[in-house]
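# A closer look at the structure
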Protein chains: 4
Amino acid sequence: MAATPRRKLSTRGGAPAQERELRAQGRKTMRKLLDAAMTVLEKRGYHAARVDDIVKVARTSHGTFYLYFANKEDLFRALLTDVAEEVSTLANTLGPVTPDEAGYRELRGWLGRFSDLYVHYGPVIRAWTEAEVEGDDVGRMGEQVLTAVTTALITRITECTDNGDDFDPQVAALATVAMIERLHYYLLSRQIDVPRDDILDTTATVVHVGVFGGSRRRRRRSAS
Amino acid sequence: MAATPRRKLSTRGGAPAQERELRAQGRKTMRKLLDAAMTVLEKRGYHAARVDDIVKVARTSHGTFYLYFANKEDLFRALLTDVAEEVSTLANTLGPVTPDEAGYRELRGWLGRFSDLYVHYGPVIRAWTEAEVEGDDVGRMGEQVLTAVTTALITRITECTDNGDDFDPQVAALATVAMIERLHYYLLSRQIDVPRDDILDTTATVVHVGVFGGSRRRRRRSAS
Amino acid sequence: MAATPRRKLSTRGGAPAQERELRAQGRKTMRKLLDAAMTVLEKRGYHAARVDDIVKVARTSHGTFYLYFANKEDLFRALLTDVAEEVSTLANTLGPVTPDEAGYRELRGWLGRFSDLYVHYGPVIRAWTEAEVEGDDVGRMGEQVLTAVTTALITRITECTDNGDDFDPQVAALATVAMIERLHYYLLSRQIDVPRDDILDTTATVVHVGVFGGSRRRRRRSAS
Amino acid sequence: MAATPRRKLSTRGGAPAQERELRAQGRKTMRKLLDAAMTVLEKRGYHAARVDDIVKVARTSHGTFYLYFANKEDLFRALLTDVAEEVSTLANTLGPVTPDEAGYRELRGWLGRFSDLYVHYGPVIRAWTEAEVEGDDVGRMGEQVLTAVTTALITRITECTDNGDDFDPQVAALATVAMIERLHYYLLSRQIDVPRDDILDTTATVVHVGVFGGSRRRRRRSAS
DNA sequence: GATGAATGAGAATTCATTCAT
DNA sequence: GATGAATGAATTCTCATTCAT
């Protein structure tokens with residue numbers, strides 16, 4: 001699985017930052033805050049993350065925080081926006097998934113890229129889940145991303161399966177996303193101790209066979 | 001899908017309640033609190049749920065709450081214990097899943113029962129997810145349940161598939177659970193507007209084919 | 001040091017108890033509560049003592065508590081009244097303290113009796129100290145007792161010393177009480193690990209010599 | 001009795017204050033809180049002292065309080081630490097106490113300094129007594145101070161008295177401390193209406209004669 | 001730009017006392 | 001007489017956000 005080179009975190013600031021010109025120093029401070037937020041999010045989750053923690057990690061002050069973000073949620077939204085964008089972009093990189101070996105490879109590659117994304121943005125995505133309950137626009141962003149990904153999947157699914165009554169492409173797409181998302185959540189939060197490659201191989205297989213009509217393969221891995 | 005008759009919510013109280021004799025009235029109040037908690041959990045999620053909300057819904061006083069539960073978490077744990085027990089029990093009702101029609105039915109039935117459980121206990125399970133981040137024992141209960149369910153699945157999976165390198169039964173089991181759980185989460189939280197039966201049919205198909213080596217069927221439903 | 005035979009704890013109840021006829025059972029319950037209060041006072045001190053603790057130790061209920069005492073303070077006052085009475089009585093048992101050996105014996109005996117009282121009623125007396133700050137009548141009871149004891153002492157002091165300017169009998173009396181009280185407090189609360197007899201011997205000596213004009217003796221104890 | 005020039009109250013803050021940089025304004029606020037605490041402690045005692053009272057007196061907000069102290073106890077501990085330090089220092093200023101007039105003067109001077117300290121820190125010391133019951137480290141600080149003072153006394157006592165069996169220097173030291181402490185407590189809390197000089201003169205005499213083997217003097221005061 | 005200080009509206013929790021059976 | 005249940009005022013503590021330098 002090729003690791004996608006990770007682009008830098010958000011250059012986007014919160015509301016207050018967007019109204020001002022940001023010089024080099026300003027951008028650096030904002031970056032520090034965003035990075036710190038990731039760290040804190042990872043350690044404590046969304047609800048337990050306090051502004052105080054973030055500024056402490058960023059080695060800056062409360063006052064400064066509000067110079068760049070309107071409030072806690074604003075910062076969080078900035079992080080999420082990045083993720084949403086990347087995920088949506090990634091979603092569209094899925095080519096046709098044929099039932100043969102090539103299809104498996106395509107799928108496996110796509111999943112791998114997703115996984116990388118998830119691992120990188122893990123804290124944000126977990127926080128997302130946590131925050132989803134509240135009625136705010138964060139929830140709406142989640143829906144958009146979900147839609148983007150399922151849309152891409154639905155396209156590929158309908159391309160290739162001849163479906164019976166017990167199979168609804170939309171649901172299958174949702175099921176696929178659900179599986180990937182939650183599995184990575186387990187992986188990150190509870191330390192399911194399974195090598196990531198194993199997870200991806202198996203997931204790819206299950207989805208390839210179960211959703212895209214591929215056939216089970218018996219290949220031996222060269223390495224093992 | 002047969003709706004399982006739902007048994008009553010917890011008779012179990014929190015720490016303080018367990019140290020005292022509870023008479024009829026006391027038990028009734030405790031039940032009121034547990035029910036109220038479910039309502040509030042549903043409406044606001046775990047973190048936003050205030051003891052104040054709960055006692056308001058239960059039409060009782062703050063003091064009374066602490067007569068039965070040590071704190072919010074204690075109440076939550078009481079609810080969780082019930083769910084955990086039911087889920088574990090249910091997990092073991094999965095019989096062998098053969099690749100034929102009968103296997104599909106078995107799986108579909110099991111998923112249906114799960115779904116019922118999830119719908120019934122929805123608020124609690126969602127809250128669970130939300131609370132999982134914190135390091136407390138709630139997280140540990142989650143792991144136990146996850147283990148219970150995956151164990152049951154792994155047994156059935158190894159019984160029936162001849163696996164290649166790209167397929168690890170444990171991961172497949174986890175993937176199955178992930179899919180079901182998350183899908184229901186979408187269903188409950190974001191109002192994915194798909195009939196539950198469709199979700200179950202499709203999920204059953206995907207898992208049957210992708211995990212248990214079943215073959216795609218082309219049956220037509222009588223109804224459609 | 002002769003141990004005074006200790007009479008039973010208060011038969012006096014609080015306000016509500018005094019308005020009713022108390023049958024055998026009633027008196028027993030009241031006694032249970034008073035005893036329990038002593039236990040709790042000892043373990044937690046006055047401020048930390050909760051009605052809940054007391055009724056738990058007494059194996060009775062909140063409701064019952066208020067059948068016998070108007071409130072927490074009422075119970076405490078009942079205990080204190082006993083102590084105050086006993087102390088006052090004891091105070092008057094001090095005979096003339098001559099500067100010779102006989103005077104030492106007299107003083108030593110009196111201190112010993114005090115000590116017994118203190119040890120017996122320790123928890124109550126400590127609580128007294130703790131409660132003294134508040135302006136209520138408990139404080140006033142304390143003053144009365146203090147007055148009773150100092151009065152007795154002053155009588156004996158003026159009988160036997162020919163005082164200069166640097167010696168005020170009233171202050172000397174107060175100083176004596178202070179010494180005894182606080183020393184026992186140390187003994188009970190902080191486990192100063194000194195045998196009680198040593199404390200009494202030394203205290204008696206210091207007071208005999210310092211307050212009553214006695215002379216230092218060099219007797220050897222038979223035992224040592 | 002020379003009044004010792006009183007140094008300013010604690011520059012020491014509570015736990016939270018020690019983790020931060022404190023600028024001039026911050027230190028001022030902390031001082032306001034410490035002073036306010038003294039006032040409240042004096043008026044209501046430790047247990048009845050509410051954080052709310054303190055911030056009201058300090059004319060600041062609840063939130064501010066917790067910016068400088070973790071809780072009421074933390075503040076209290078800060079005050080205590082100061083007292084403990086001063087007392088320990090003072091304890092060691094006691095020179096040899098000879099049985100003659102010079103010895104009396106030495107003792108009297110020492111007691112006077114103690115008295116000043118007690119009067120100055122009265123509220124804190126009284127609160128100390130009140131809080132002592134609880135098992136926390138406050139109790140331990142008390143023991144340390146007690147030890148410091150008794151140690152100093154014991155040194156001087158053993159230097160100068162030829163002791164019989166009925167006199168244990170350690171106990172005599174404790175008795176001395178007990179007397180001073182409690183007498184001042186009476187003085188402060190119950191308004192024993194005796195001029196402080198009388199108390200000190202008499203106490204010094206009693207201790208000098210009773211503990212250090214001094215002889216009663218008959219001097220007339222010029223004033224009376 | 002940056003910072004430490006201050007704020008105050010909640011939220012959780014405790015516990016003496018009253019009530020209904 | 002006795003009891004378990006209920007109450008709610010009082011208190012502590014937290015933390016997002018604003019302010020003054």
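This structure is a prediction, so every number in the text was calculated from the model and none was measured. (Residues numbered from 1 in each chain as written. Chains lettered and ligands numbered in written order. Predicted model: local features only at pLDDT ≥ 70, side-chain atom pairs only at ≥ 80, totals over all residues.)

## Details of the overall build of chain A
Along the backbone of chain A there are nine helices and zero strands. Listing the helices and strands of chain A from first to last along the sequence gives α-α-α-α-α-α-α-α-α. Looking at chain A as a whole, 43% of its 224 residues qualify as buried. (Helix = DSSP H or I, 4+ residues; strand = E, 2+ residues; numbered from the N terminus. Buried ≥ 20, exposed ≤ 12 C-beta atoms within 10 Å, placed from the backbone.)

## Description of the protein's contact with DNA strand F
Close to DNA strand F lie 42 residues, the nearest being Asn71(A), Gly26(B), Gly63(B), Gly63(C) and Asn71(D). Secondary-structure elements contributing two or more residues to the surface near DNA strand F are helix H3 (51-57) and helix H4 (62-68) of chain A, helix H2 (24-48) and helix H4 (62-68) of chain B, helix H2 (24-48) and helix H4 (62-68) of chain C together with helix H3 (51-57) and helix H4 (62-68) of chain D. Tallied by class, the residues present in the surface near DNA strand F amount to eight nonpolar, 22 polar and 12 charged. (Near = placed C-beta within 6 Å. Nonpolar A, V, L, I, M, F, W, Y, C, P; charged D, E, K, R; others polar.)

## Observations concerning the environment of Asp53(D)
Residues and elements named next belong to chain D. Tracing the backbone through its elements, the reader meets aspartate 53 in helix H3. Between the alpha carbons of aspartate 53 and leucine 41 there is a distance of 9.7 Å; along the sequence they are 12 residues apart. Each residue touching aspartate 53, except ones within four places of it in the same chain, is listed here: Val40 and Arg44. (Contact = placed C-beta atoms within 7 Å.)

## What about the protein's contact with DNA strand E?
Near DNA strand E lie 42 residues; those nearest to it are Gly63(A), Asn71(B), Asn71(C), Gly26(D) and Gly63(D). Residues belonging to the surface near DNA strand E are distributed by class as follows: eight nonpolar, 22 polar and 12 charged.

## What to know about the nonpolar core
Ranked by internal contacts, the top residues of the largest apolar core, which has 128 residues, are Leu33(A), Ala37(A), Val124(A), Leu33(B), Ala37(B) and Val124(B). Sequence-distant contacts of Ala37(A), defined by excluding residues within four places in its chain, comprise Ile54(A), Leu75(A) and Leu79(A). Listed in part, the 126 residues of the second largest apolar core include Tyr121(C), Met30(D), Ala78(D) and Ile199(D). (Core = buried A, V, L, I, M, F, W, Y, C linked by C-beta atoms within 7 Å.)

## Some thoughts on the packing of helix H2 (residues 24-48) of chain D against helix H5 (residues 72-91) of chain D
All names here are of chain D. Put simply, H2 and H5 touch, their axes get as near as 11 Å, and they point 100 degrees apart. For the element pair H2 / H5, the angle class is roughly perpendicular. Contacts from Leu33, Leu34, Ala37 and Tyr46 of H2 reach H5 at Leu75, Phe76, Ala78 and Leu79. (Axes fitted to C-alpha atoms, helices over the stretch in contact; angles between N-to-C directions. Parallel < 35°, antiparallel > 145°, perpendicular 65-115°, else oblique.)

## Looking at the domain arrangement of chain A
Residue and element names in this part refer to chain A. Taken domain by domain, chain A holds domain 1 (11-70) and domain 2 (77-215). Centre-to-centre separation of domain 1 and domain 2, based on C-alpha positions: 29 Å. Contacts between the two partners involve 11 residues from domain 1, matched on the other side by 11 residues from domain 2. Looking at the side of domain 1 that touches domain 2, its residues break down into five nonpolar, four polar and two charged. (Domains from an automatic or database assignment.)

## Regarding H2(C)
Residue and element names in this part refer to chain C. Across its 25 residues, H2 extends only 31 Å between first and last C-alpha, which sits more than 12% below the 36 Å expected from 1.5 Å per residue. Maximum bend of H2: about 90 degrees, positioned at glutamate 42. Among the residues making up H2, those that are buried are Thr29, Met30, Leu33, Leu34, Ala36, Ala37, Met38, Val40, Leu41, Gly45 and Tyr46. (Expected span 1.5 Å × (residues − 1). Bend = angle between axes of the 7 residues up to and from the residue.)

## Description of the environment of Leu183(A)
Positionally, Leu183(A) belongs in helix H8 (residues 169-190). On a C-alpha basis, the gap between Leu183(A) and Leu41(A) in space is 19 Å, while along the polypeptide they are 142 residues apart.

## Overview of unusual backbone geometry
Peptide bonds are trans in most cases, and residues, glycine excluded, mostly fall at negative phi. Residues and elements named next belong to chain A. Even without being glycine, arginine 59 reaches a positive phi, approximately 50 degrees. Within the secondary structure, arginine 59 sits in the loop between H3 and H4. A residue is classified by how many C-beta atoms lie within 10 Å of it, and arginine 59, with 8 of them, is exposed.

## Quick word on the packing of helix H6 (residues 101-131) of chain D against helix H9 (residues 196-210) of chain D
Residues and elements named next belong to chain D. At a closest axis distance of 9 Å, the pairing of H6 and H9 adopts a crossing angle of 135 degrees. The pairing of H6 with H9 is recorded here as oblique in orientation. Remark: the crossing between H6 and H9 carries right-handed chirality. On the side of H6, the interface is formed by Gly103, Tyr104, Leu107, Arg108, Leu111, Gly112 and Ser115, while H9 contributes Arg196, Leu200, Thr203, Ala204, Val207 and His208. The class makeup of the residues in the contact of H6 with H9 is six nonpolar, five polar and two charged. (Left-handed = near helix turned anticlockwise from the far one by under 90°.)

## Digging into the confidence of the model for chain A
Residues and elements named next belong to chain A. For chain A, mean pLDDT is 85; residues scoring 70 or higher make up 85% of the total. Per-element confidence in chain A ranges from a low mean pLDDT of 72 for helix H1 (residues 15-18) to a high of 96 for H3. Long-range and interchain partners of residues 1-9, a stretch whose pLDDT sits below 50, account for 10 contacts in this model, where long-range means more than four residues apart. In this model residues 220-224 is a low-confidence stretch, pLDDT under 50, and it forms three contacts with partners more than four residues away in sequence or in other chains. (pLDDT = per-residue confidence, 0-100.)

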